[in-house]
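# Understanding the architecture of this molecule
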Amino acid sequence: MTEKTAFVRDEVQALKDQGLYNTIRTIDGPQGAHLTVNGQKVLNFCSNNYLGLANDPRLIEAAIAALNRYGVGPGAVRTIAGTMTIHTELEEALARFKGVEATISFQSGFAANLAVIPALVGAGDVIISDELNHASIVDGVRLSKAARKIYPHNDVGVLRERLAEAREEGANQILVITDGVFSMDGDLAPLDRIVDAADDFDAMVMVDDAHGEGVVGRGGRGIVDHFGLHGRVDVEVGTMSKAFGAVGGYVAGSEELIEWLRQRGRPFLFSSAITPSDVAACVASVEILDSSTELVDRLWSNSAAFKAMMSDAGFDIGVSETPITPVMLGDEHLAREFSRKLLEEQSVFAQAIAFPTVARGKARIRVMISAAHSAEDLEMGAASFVAAGRELGVVT
Ligand SMILES: *Cc1c(COP(=O)(O)O)cnc(C)c1O
């Protein structure tokens, strides 16, 4: 290491001292209900692989077929090297699934947010954003030259005040942005009331449905479908790295919006497309969701069963309306110790989440339920929480 970068050593040490250092576990093998973590077989409660598609043979087969037909790499950005038919196929399949005019794919959900926000608003415009929105929205907002206003989590009353202020200040365009499902608590944005408020002030609405896709709405069609708001939400952002089981992001909306993003979405113009094999896996996963609600139904019955066992055992599982199940513990050190005990003594992999990801004193273990879990997995998981929880005095 050169001496000029030596200061980062102190920064890393400071993270360790404050208990904020991320330990990254090494997984040997695919994502699924069980994992091998550092050589130990564990029950997996950590991944966003809601439907178990990350290792589905149908996705693997589609990816292999695309490798054979299109090769490995996309060559360059699509405006220069051209768009492969498989990318167009995915965008059309997603548009049908979401019930929108058009979609455009990006390398990730993160890239989709960085593309769409600065493309829509700039100097003279105002963005109004929920205080708990995802980091990629925060960064997309920063990349735009629009003024920003924050409203308290899901508080539509204050959102209306901010909208009124923005209009009084002479904003040109106003863009309201919210996550659809908030990933730390599993609660939903009141998107129906947000859209009503935005309509009253002629503001655009954007929802990031990363944790809602493949989960909420009919057959996992997302939060716009859940609230029956088709045609009333201007921008939907999605990811294919969670329920869809692969990788990649997209924006869904009107034909005009998508055409604009092909011209002015910077991650589209200046970063190469998703690889054809990943795109083919995404197409297969949209087809699976389109043809049957079986996986989505199983996800919901699994999460209802697990939540009931945890509530009956006396755990506080928060305010989730989705398969995200936060086990609320409060104290940061307690949450870390609980997670360590689960992994080392019960072979259950469930991550502690603490400040700054959530507020101080709101530490928790977040359990991510999947359609891939069997009834025995869920029973074993709940029993492990009870065993560790008794030793730590969390439940009796
Ligand atoms: C996970 C997530 C993203 C990022 O998606 P990637 O495809 O992993 O980049 C963006 N927004 C929200 C709300 C998310 O939860």
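Residues numbered from 1 in each chain as written. Predicted model: local features only at pLDDT ≥ 70, side-chain atom pairs only at ≥ 80, totals over all residues. Heavy atoms only, no water.

## Some words on the overall build of the protein
For clarity, the cut-off: A run of DSSP states H or I qualifies as a helix once it reaches four residues; a run of E qualifies as a strand once it reaches two. Both are numbered from the N-terminal end. The atom set for the radius of gyration is the C-alpha atoms, and the globule formula is 2.2 Å times the number of residues raised to the power 0.38. Burial classes follow relative accessibility: with a 1.4 Å probe on protein chains only, a residue under 20% of its type's maximum area counts as buried, one over 50% as exposed, and anything between as partly exposed. In this analysis, two residues are considered to be in contact whenever any of their non-hydrogen atoms come within 4.5 Å of each other. Residue exposure ignores everything except the shown protein chains as possible cover, and the areas themselves are Shrake-Rupley values with a 1.4 Å probe. His is not counted, nor are the chain ends, whereas Lys and Arg count as positive and Asp and Glu as negative. All charge positions are set by atom: Lys at NZ, Arg at CZ, Asp at CG, Glu at CD.
When helices and strands are tallied, the protein shows 15 helices and 13 strands. Whereas a compact globule of 396 residues would reach a radius of gyration of roughly 21 Å, the protein reaches 22 Å, a difference of no more than 12%. By its C-alpha atoms, the protein is 55 × 55 × 55 Å across when sized along the principal axes. The proportion of buried residues among the 396 residues of the protein is 52%. A separation of at least 24 residues holds for 70% of the contacts in the protein among residues at least 6 apart in sequence. Within the structure as shown, the protein displays about 17500 Å² of accessible surface, and the carbon and sulfur contribution to it stands at 51%. Taking the average location of the 35 positive side-chain charges in the protein and that of its 54 negative ones, the two points are 4 Å from each other.

## Considering the site of the ligand
Counted only if it meets this: Distances are taken per atom, and a residue is near a molecule or strand as soon as one of its heavy atoms is within 4 Å of it. Here a polar contact is taken to be a pair of N or O atoms separated by no more than 3.5 Å, where protein atoms must pair a possible hydrogen donor with a possible acceptor and residues adjacent in sequence count only if both atoms sit in side chains. The residue classification treats Ala, Val, Leu, Ile, Met, Phe, Trp, Tyr, Cys and Pro as nonpolar and Asp, Glu, Lys and Arg as charged. All others, Gly included, are polar.
Around the ligand sit Ser-108, Gly-109, Phe-110, His-134, Ser-136, Asp-179, Asp-208, Ala-210, His-211, Thr-239, Ser-241 and Lys-242, and those are all the residues in its vicinity. Contacts to the ligand include Phe-110, whose backbone N or O atom sits 2.9 Å from an oxygen atom. When the ligand is considered free in solution it has 380 Å² of accessible area, and contact with the protein chains removes 85% of it. Of the residues assigned to the shell around the ligand, the class counts are two nonpolar, seven polar and three charged.

## What about the pattern of salt bridges?
What counts, and what does not: What counts as a salt bridge is simple: a side-chain nitrogen of Lys or Arg found within 4 Å of a carboxyl oxygen of Asp or Glu.
Within the structure shown, the criterion is met by 20 salt bridges. Ionic pairing is found between Glu-294 and Arg-298, a salt bridge with its closest N-O pair at 2.8 Å. Here the residue Glu-294 and the residue Arg-298 both occupy positions in helix 13 (residues 294–312), the gap between them amounting to four residues, near one helical turn. Assessed through its relative accessible area of 33%, Arg-298 is described here as partly exposed. For the salt bridge of Lys-341 with Glu-345, the shortest nitrogen-to-oxygen distance reads 3.3 Å. Separated by four residues within a single helix, Lys-341 and Glu-345 lie in helix 14 (residues 332–346), roughly one turn from each other.

## Side note on the sheet that holds strand 11 (residues 348–349)
Definition in use: The pairing criterion for strands is at least two bridges between them, as found by DSSP. The angle between two axes is taken between their N-to-C directions and runs from 0 to 180 degrees, where each axis is a line fitted to C-alpha atoms and a helix contributes only its stretch in contact.
Spatial ordering of the open sheet is given by 1-2-11, a layout of three strands whose pairing is mixed. The open sheet has two free edges, formed respectively by strand 1 (34–37) and strand 11, since each of these has just one partner strand. In terms of strand pairing, strand 1 meets strand 2 (residues 40–44) through four bridges, oriented antiparallel. Across the sheet, residue Thr-36 finds its bridge partner in strand 2, namely Lys-41. Across the sheet, helix 15 (residues 375–391) is in contact with strand 1, strand 2 and strand 11; its angle to strand 2 comes to roughly 100°.

## A look at the environment of Ser-105
By secondary structure assignment, the location of Ser-105 is in strand 3 (residues 102–106). Along the chain, Ser-105 and Thr-239 lie 134 residues apart, while their C-alpha atoms are 9.2 Å from each other. The residues touching Ser-105, leaving out its near neighbours within four places in the chain, are Arg-78, His-87, Leu-90, Glu-91, Gly-249, Tyr-250, Phe-268 and Ile-274. Polar side-chain contacts of Ser-105 include one of 3.3 Å to the side chain of Arg-78.

## Things to note about the side chain of Ser-277
The topology assignment puts Ser-277 in helix 12 (residues 276–291). Of the residues examined, Ser-277 reaches a relative accessible area of 14% and is grouped as buried. What Ser-277 contacts, discounting residues up to four positions off in sequence, is Ala-63, Ala-66 and Leu-67.

## Let's talk about the domain arrangement of the protein
Note the threshold: How far each domain reaches was decided by an automatic or database domain assignment. When two components associate, each loses some accessible surface as probed by a 1.4 Å sphere; the sum of these losses over both components is called the buried area.
Domain annotation of the protein identifies domain 1 (11–44 + 293–391) and domain 2 (57–291). Spacing between the C-alpha centres of domain 1 and domain 2 amounts to 27 Å. Each side of the interface is counted separately: domain 1 has 18 residues, and domain 2 has 16 residues. A combined buried area of about 1300 Å² lies between domain 1 and domain 2, and 64% of that area is made up of carbon and sulfur atoms. Three residues, Val-296, Glu-321 and Ile-324, lead the burial of domain 1 against domain 2; their summed loss comes to 31% of the area buried on that side. When the shortest N-O distance is used, the salt bridge between Asp-185 and Arg-364 registers 2.7 Å. Taken together, the connections running from domain 1 to domain 2 amount to seven residue pairs in polar contact (both at pLDDT 80 or more). The biggest single contributor to the side of domain 1 that touches domain 2 is helix 13, with four residues.

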